[in-house]
2 protein chains.
Amino acid sequence: MFDKIDELGVNAVRMLSLQSIAKANSGHPGLPLGAAPMTYVLYRNHLNVNPRDTKWFDRDRFILSAGHGSAMLYSMLHLAGFDLSIEALKNFRQLNSKTPGHPEYGVVDGVEATTGPLGQGLGMAVGMAMAETHLASQYNVNGISVMNHHTYALVGDGDLMEGISHEAASLAGHLRLGKLVVLYDSNDVSLDGPKNRSFNENIQKRFESYGWDYQRVEDGNDLNAIDQAITNAENNTVKPSIIEVRTVIGYGALNAGTNKVHGAPLCAEDMAAVKETLNWTLPDFEVPAEVYQRLNDTLGQRGAKLDAQWLLKVTSLNKMAPEIGTQFQLAMNGKLPADWREALPTYLAGTSEASRITSHTVIQALGKKVPQLWGGSADLASSNKTNMECEGLYSADNLSARNIGFGVREFAEAAAMNGIALHGGTRVFGSTFFVFSDYMRPAIRLAALQHLPVIYVLTHDSVAVGEDGPTHEPIEHLMSFRNMPNVTVLRPADPNETVAAWETAMTHTDGPTLLVLSRQNLAVLPGAGHETGHKVAKGAYVVQDVPEDKIQDGILIATGSEVNLALAAQAKLAAEDVAVSVVSVPSFELFQQQSSAYKRQVLPTGIHKRLSLELGTTLGWERFVGLEGKALGIDTFGASGPCGEVLEKFGFTVDQVVAQYLALE
Amino acid sequence: MFDKIDELGVNAVRMLSLQSIAKANSGHPGLPLGAAPMTYVLYRNHLNVNPRDTKWFDRDRFILSAGHGSAMLYSMLHLAGFDLSIEALKNFRQLNSKTPGHPEYGVVDGVEATTGPLGQGLGMAVGMAMAETHLASQYNVNGISVMNHHTYALVGDGDLMEGISHEAASLAGHLRLGKLVVLYDSNDVSLDGPKNRSFNENIQKRFESYGWDYQRVEDGNDLNAIDQAITNAENNTVKPSIIEVRTVIGYGALNAGTNKVHGAPLCAEDMAAVKETLNWTLPDFEVPAEVYQRLNDTLGQRGAKLDAQWLLKVTSLNKMAPEIGTQFQLAMNGKLPADWREALPTYLAGTSEASRITSHTVIQALGKKVPQLWGGSADLASSNKTNMECEGLYSADNLSARNIGFGVREFAEAAAMNGIALHGGTRVFGSTFFVFSDYMRPAIRLAALQHLPVIYVLTHDSVAVGEDGPTHEPIEHLMSFRNMPNVTVLRPADPNETVAAWETAMTHTDGPTLLVLSRQNLAVLPGAGHETGHKVAKGAYVVQDVPEDKIQDGILIATGSEVNLALAAQAKLAAEDVAVSVVSVPSFELFQQQSSAYKRQVLPTGIHKRLSLELGTTLGWERFVGLEGKALGIDTFGASGPCGEVLEKFGFTVDQVVAQYLALE
């Protein structure tokens, strides 16, 4: 089935990779030389994509989880006809190029996910496969399959050592994601040397324990065997599949089969050796025309045809089930239904409710109006209050259900959410205790880097957790996420701010949003209601100003549960004839984006007596209180005890706040 | 073998747990009711500890990885004669009690590790077992076994879902840690409901794939079967063992076998039901004297005897191999040899070297002088430069070697380091790229919370990484760790600061130290040398002041690689007759601890023109530059390209720094 031209094709992937790396004098030659055959076979015969319509919604997805093999992916995309020229390959790893050091989503046409941090590509692939099943269950009606594609991933030994590979694979096995096919580039070598220095699992047994199908290809250069294994995997529709392809890292190079060939460019002598092994005689960056032709005849024509057929299907859907068709269009475009806000609640003064409870109410309201919304928890739904009560649990037997049980797998949850968002067609949220956001952190970073609109519902947001103690009490988390680029952190202060925070999250499509919510009750703030949305969107606002007939002495600045405390302190100070305003700061990031004029309005330049209140670390609060103000926070770990006693211990009582304020000079 | 008294003992563990939880009106009754039998059997017949000498160095270690079962552990410790009174149990989950919500190391006598964040207890147990093998290989000489104990852990379904359970178990299997025995409380229920909502692995197959021995006990109340299984596990000295004990969560309660009994106190009716099932008639917090007696006769006498025997062995060791005996004493006490600093290098002006390279030199020097130092990398030793060149790779066949190959398992690496530190007897370091510290973060937090003196060598510390691009370029990491309580972050600016940073790390025994090191060369700073150690220990110091005959205009404040940039900018500003000092801030935390006078000396109060330079996020730098200064940093993700171009893109050139400074008002 494969012929000389295909051999040329495989070697073209290898040679372009090596040449890109050599020109950049930087990169990883080992993986491309070993894994080019499986990648070529996948693209040639299996991957249904259309290089001229790369965002075709029902295309197959491919993720190179071993992102250090970027040169191979770029070479393959180039040969397959994607918008990636030889010029681009020559600019490998250069500033502002379309060929950055690791694959970057949104930068490189045909790259479906940003990879490099090991294991996460697999996690994202699981999310993509989940999205496909869920969308298929929602939109494949009247016998029309508008959603029916595979998700492929290529992983290396490093990916499978990472803990997230366990979480993600276990979840995929549980969900019986039959359209997920993983190619495992098994070469017995990792960066530091032979893999058996630190790794000697039985991968077959391990993946079978998760409920996966396992196959093994003994010779990573055997195109027919690889092809057959992928076909077998596709035919197994009830289990995810892993194909262990035995390869030689750096195949053809002088140090083939060793770690020396993993991550540094080959020297000239070594380049010559590879060329000789591969019988490659063309000048650098030249590829035989037959190779382009072959991939055009196979992948190119197949993709174009399937894409065209799909368009007809969508037309049929629109005709036969217009309501579903309309919703499908909205979903594909990432748009919310026009009336999505309608069921959102408003809370009146006098109400007091934990923000996680308000969030639960909001999720019910959104769930009704926004069919593309789904989400879940890492086995804490009953505490995070993230269950959609009208829905069942998403499972192999109930794919249209909108509650996802991620299991105690926070990292895979966050990575799968990235995959779901990358896939498109739904809006996803995930939850856990705020303190365990640490477990998700590497994936939240990738969400931010990829500008993905995922929503994290992170409850139990401070030492007010109480009895569970320091292992369960976030301290540094708020400021640590405020430090992460392109993340929007929202810590609402009352039920109305919580509704507004959810609104902000739903309309924020350029990056992830963290909703940081309380376990304990929060009273509705004065002056709240429908206006809160606008105020929260500005990131900070004056909740209660000084009376008009008083001269402002200072400002109390607070977030979340501490805003009510600030109001109480304000009242007590007023009784002593000290007039301070109270500012709520639901989001540092949103406030940062406001005009200088607005910022000065909230925090007048001339007022230096500023006290911030937040149940978290203080480093960073100087941005608002300056060197003359003071940040009241917690710079140690928390404590186990009843909530009220813990708060008192850390100085978060009205009297202590008043005393702290009065001590300011 | 077990009799009525033992049944009473098991039920005493259950009842004390329930009563503690009821009194606190907070806690997790599900696990204690199900897992009390295995815990009781372990303590009664297997765990070699001495309640009257709880720090006996060769004791067995037990970690309750499922830390929410704290009430059970406290009840067991109380019955076994540890310093934990009935009064303490009555204060369960109260502020400043000896019985916090989750087990806390250092707070509760007999608690070997702080647990609660799932999966990490298993990771720490692996580290403890590693420490035991390594110490045994170093100090068991002349036929005297001063180190010969087991490490036990109790895990639940949640622990095994977490990714770290994969990393840790795979590592343990690879290292053939035959003295590690894990009890798996297998009850088919997790917080949100039946486990099969999200988890249906074949645990036997999975652990066998890692090279573990697997056993199953069908009835979690069958004390003899549990006892036999633990004995079998102990007899298998070539593989770590996991024993799946099938239990009923909340055994005896009305909602036994469901998630309703997991995490909330039982109501009075339910308490009555349990008492009836268990045939328990005593008043609250009362235990039959025979139970105390039984545990004293078994665990108590066994432990006291073994402890006494061990002391004799140590005496023999001191006599027969005095040098090794002396070193063993030092190691047990966590003391360094007197001459540990002697081989440390000093660098002269004119030298330029990456701090990761200097660190490599330091590791060689320390390796020679400090036999208890060992460490490794998560498969990046060749990049992190953490290899001790005179040593082999620690493995089952070479247990005395001091290079640890953790594999691509950053989280397990960090958790194992915690276990190694908790065990005592060695000093451990671990490494990876700084950006992947995110993967370790939950375990770094537990190191800080437990005050463990572990050292992280985190290289490739900024966008100066260059070609690898944003997935490999830390941005928010520095400030995020500065926000974590009890962590000391050091980012040295030159080779001498790097040596000093290592010195600080080695002498800091109250918490973890992060050494944040460069990939690229750093020139030796002026005025450096032997004095650098004192300066670095202060956290910040004036590298180069304004000339005496000039009036100071401002301050350039920098860390790491940016200090040399600040010096170049200082020179250029001087040429324009603008006199600024340059301050190096290797550590925010250490500077924070200095006197106000010293702080004012470094950052004079009257000088408001302050520019900070750091290749990381700016939020937090206001602590030093105030509202009038400016922080030059990077608040977006990085970019892929040659290092110099990337630095220029982000404004880190002499000209741009000078321009930024001159723009200050």
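The structure we're discussing is the one just above.
What you are looking at is a predicted structure, and each value in this text was computed from that prediction instead of being measured.

A. Focus on the packing of aromatic side chains. Considering all chains together, one arrives at 34 aromatic pairs over all chains under this definition. Consider the rings of A:Tyr439 and B:Phe411, whose centres lie 5.4 Å apart with planes at 80 degrees: the pair is edge-to-face. Linking A:Tyr439 in helix H16 (residues 437-449) with B:Phe411 in helix H15 (residues 410-423), this pair reaches from one chain into another. The exposure classification of A:Tyr439 matches that of B:Phe411, with both residues buried. Pairwise contacts between aromatic rings join A:Phe588, A:Phe591, A:Tyr598, A:Trp621 and A:Phe624 into one cluster.

B. Representation of the pattern of salt bridges in the model. All names here are of chain A. All chains considered together, the criterion is met by 54 salt bridges over all chains. The salt bridge partner of Glu 503 is Arg 341, with a shortest N-O separation of 2.4 Å. Taken together, the positions of Glu 503 in helix H18 (residues 495-507) and Arg 341 in the loop between helix H12 (322-332) and strand E8 (352-354) put the pair 162 residues apart, joining distant regions of the chain. Among the ionic contacts, a cluster of salt bridges with common partners joins Asp 3, Asp 6, Arg 44 and Arg 294.

C. Spotlight on the side chain of B:Thr532. All names here are of chain B. Assignment of secondary structure puts Thr 532 in helix H19 (residues 532-537). You can call Thr 532 buried: its relative accessible area is 2%. With sequence-adjacent residues up to four places away left out, Thr 532 is seen in contact with Asn 496, Glu 497, Ala 500 and Tyr 541.

D. Representation of the environment of B:Leu336. All names here are of chain B. Tracing the sequence through the fold places Leu 336 in the loop between helix H12 (322-332) and strand E8 (352-354). On the accessibility criterion, Leu 336 (19% relative accessible area) is buried. Considered as a pair, Leu 336 and Pro 288 are 48 residues apart in the sequence and their alpha carbons are 48 Å apart. Excluding anything up to four places from it in sequence, Leu 336 contacts Leu 330, Val 370, Gln 372 and Met 506.

E. Spotlight on helix H20 (residues 562-575) of chain A. For H20(A), built from 14 residues, the straight-helix expectation of 20 Å at 1.5 Å per residue is met to within 8% by its first-to-last C-alpha distance of 20 Å. Looking at H20(A), one finds that the buried residues are A:Glu562, A:Val563, A:Leu565, A:Ala566, A:Leu567, A:Ala569, A:Gln570 and A:Leu573.

F. Local environment of the pairing of strand E11 (residues 427-433) of chain A. Residue and element names in this part refer to chain A. The element E11 is extensively covered by neighbouring structure, given that seven of its seven residues are classed as buried. Here strand E9 (residues 373-377) pairs with E11 via five bridges, running parallel. Following the sheet pairing, Leu 373 is matched in E11 by Arg 427. Handedness of the crossover joining E11 and strand E12 (residues 455-459) through H16: right-handed.

Conventions adopted
- Residues numbered from 1 in each chain as written.
- Chains lettered and ligands numbered in written order.
- Predicted model: local features only at pLDDT ≥ 70, side-chain atom pairs only at ≥ 80, totals over all residues.
- Heavy atoms only, no water.
- Phe/Tyr/Trp six-rings, centres within 6.5 Å; stacked < 30°, edge-to-face > 60°.
- Helix = DSSP H or I, 4+ residues; strand = E, 2+ residues; numbered from the N terminus.
- Buried < 20%, exposed > 50% of the residue type's maximum accessible area, 1.4 Å probe, protein only.
- Salt bridge = Lys/Arg side-chain N within 4 Å of Asp/Glu carboxyl O.
- Contact = heavy atoms within 4.5 Å.
- Expected span 1.5 Å × (residues − 1).
- Pairing = 2+ DSSP bridges.
- Right-handed = clockwise from strand over helix to strand, strands pointing away.

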